[in-house]
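Chains, contacts and geometry: an overview
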Amino acid sequence: MTLTSNSIRSLLEIKDPNIKIDDIFDSFIHHTKVRIIKACLIIHQRRCPLCGFEDLVHNGHYTSTITYTSDNASHPIFIRLAKQRLKCKNCGHTIMAKTPLVNKYCNISNRTKAKIIMNLQDDRTQKCVAVDNNVSPSTVGRLIDDYRELYPVFPEQLPKHLAFDEFHVVHHQLHFICIDGGGNTHRIIKILPDRLAEALFSYQYDQLSKPMATVIKHLEIVLNAAENEQSNGPDH
Ligand SMILES: [Zn+2]
């Protein structure tokens, strides 16, 4: 049985009917075997959005390779999508086809982003989530920043068990993170501006001097020599 464009779209759960699958084949990217879905995105528009004339003509494609979700992390899937472009012969305005599959000029599908956000709800490292979704750890970091509202900070609601440790954010910078150490929630309480002991003690002094700090029963800090050295160095 030959797979049709619609059946492949259905298999990949791509809902946009304007995406036509042309080919599907295996290839190698950076010595890793990957599956490439070759597709084009068609635009159905006759009237120019700028001047209103029905004078649009085909003006080539914008092709990009988009990271897509895969059940098998060792065999990633990419969609090589050619987005149709149109040009208005009357005013010269150009338009490019849009799709909910991926944002404009972005190379990571919205489905992949949603999966990363879901993965981040679990107790897993940023690097582990990145490997599973075939993206870089810095991409995961950017998504955390973009969807910060999903990871709320509760500076005014201190838990019974406070735990501090350092963690990597984008550009390999280290920060202290303060989480609720009780139960299995590991709710983020605060991300400190750096990894220095000064910032840590300053935050603790501010928080522990508040009346609400009386609820704290247990305080755990992972502090290595590097933080102490930097904190006690000539610049501090
Ligand atoms: Zn026009």
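These remarks concern the structure in this document. Keep in mind that what you see is a predicted model, and the values were worked out from it rather than measured.

**Quick look at the overall build of the chain**
Scanning the chain for helices and strands turns up six helices and nine strands. Looking at the chain residue by residue over its 236 residues, the buried ones come to 37%. Sequence separation of 24 or more characterises 50% of the internal contacts of the chain that already satisfy a separation of 6 or more. As displayed, the chain offers around 14400 Å² of accessible surface, 53% of which is attributable to carbon and sulfur atoms.

**Section: the coordination of the zinc ion**
When a metal carries six donors in an octahedron, the ideal angles between them are 90 or 180 degrees, while four donors in a tetrahedron ideally lie at 109.5 degrees. Protein coordination at the zinc ion: the donors are Cys 48 (SG), Cys 51 (SG), Cys 88 (SG) and Cys 91 (SG), at 2.3 Å from the metal. In this structure, the zinc ion is surrounded by four donor atoms whose angles at the metal cover 103 to 118°, and the resulting shape is tetrahedral. Here the donor residues of the zinc ion are spaced in sequence according to C-x2-C-x36-C-x2-C. Here Cys 48 falls in the buried class, since its relative accessible area comes to 3%.

**Some points on helix α1 (residues 5–12)**
Along α1, the residues that are buried comprise Ser 5, Ile 8, Arg 9 and Leu 12. Projection of α1 onto a plane perpendicular to its axis shows the buried side chains occupying an angular sector of 100°, all on one side. Projecting away from the buried face of α1 at angles above 90 degrees are the exposed residues Ser 10 and Leu 11. Packing partners of the buried residues in α1 comprise β1 (19–29), β2 (32–41), β3 (56–68), β4 (77–88) and α2 (110–120).

What counts, and at which threshold
All residue numbers refer to positions counted from 1 along the written sequence of the respective chain. The predicted origin of the model limits local features to residues at a pLDDT of at least 70 and limits the giving and counting of side-chain atom pairs to 80 or more, whereas totals for whole chains, interfaces and linings rest on all residues. For the side-chain quantities, the full set of heavy atoms in the structure was used; hydrogens and water were omitted. A run of DSSP states H or I qualifies as a helix once it reaches four residues; a run of E qualifies as a strand once it reaches two. Both are numbered from the N-terminal end. Only protein chains enter the accessibility calculation, which uses a 1.4 Å probe; a residue whose area is less than 20% of its type maximum is buried, one above 50% is exposed, and one in between is partly exposed. Only heavy atoms matter for contacts: two residues are in contact if any of them lie within 4.5 Å across the pair. Each accessible area is a Shrake-Rupley result for a 1.4 Å probe, and residues are judged covered by the shown protein chains and nothing else. Shown as donors are all N, O and S atoms within 2.8 Å of a metal ion, widened to 3.2 Å for Na, K and Ca; because water is not in the atom set, sites may appear incomplete. All geometry calls rest on donor angles, where a four-donor set with angles between 85 and 135 degrees is tetrahedral, four- and six-donor sets with opposite donors more than 155 degrees apart and all others between 65 and 115 are square planar and octahedral, and all else is irregular. The directions considered for the arc run from the helix axis to the C-beta atoms.

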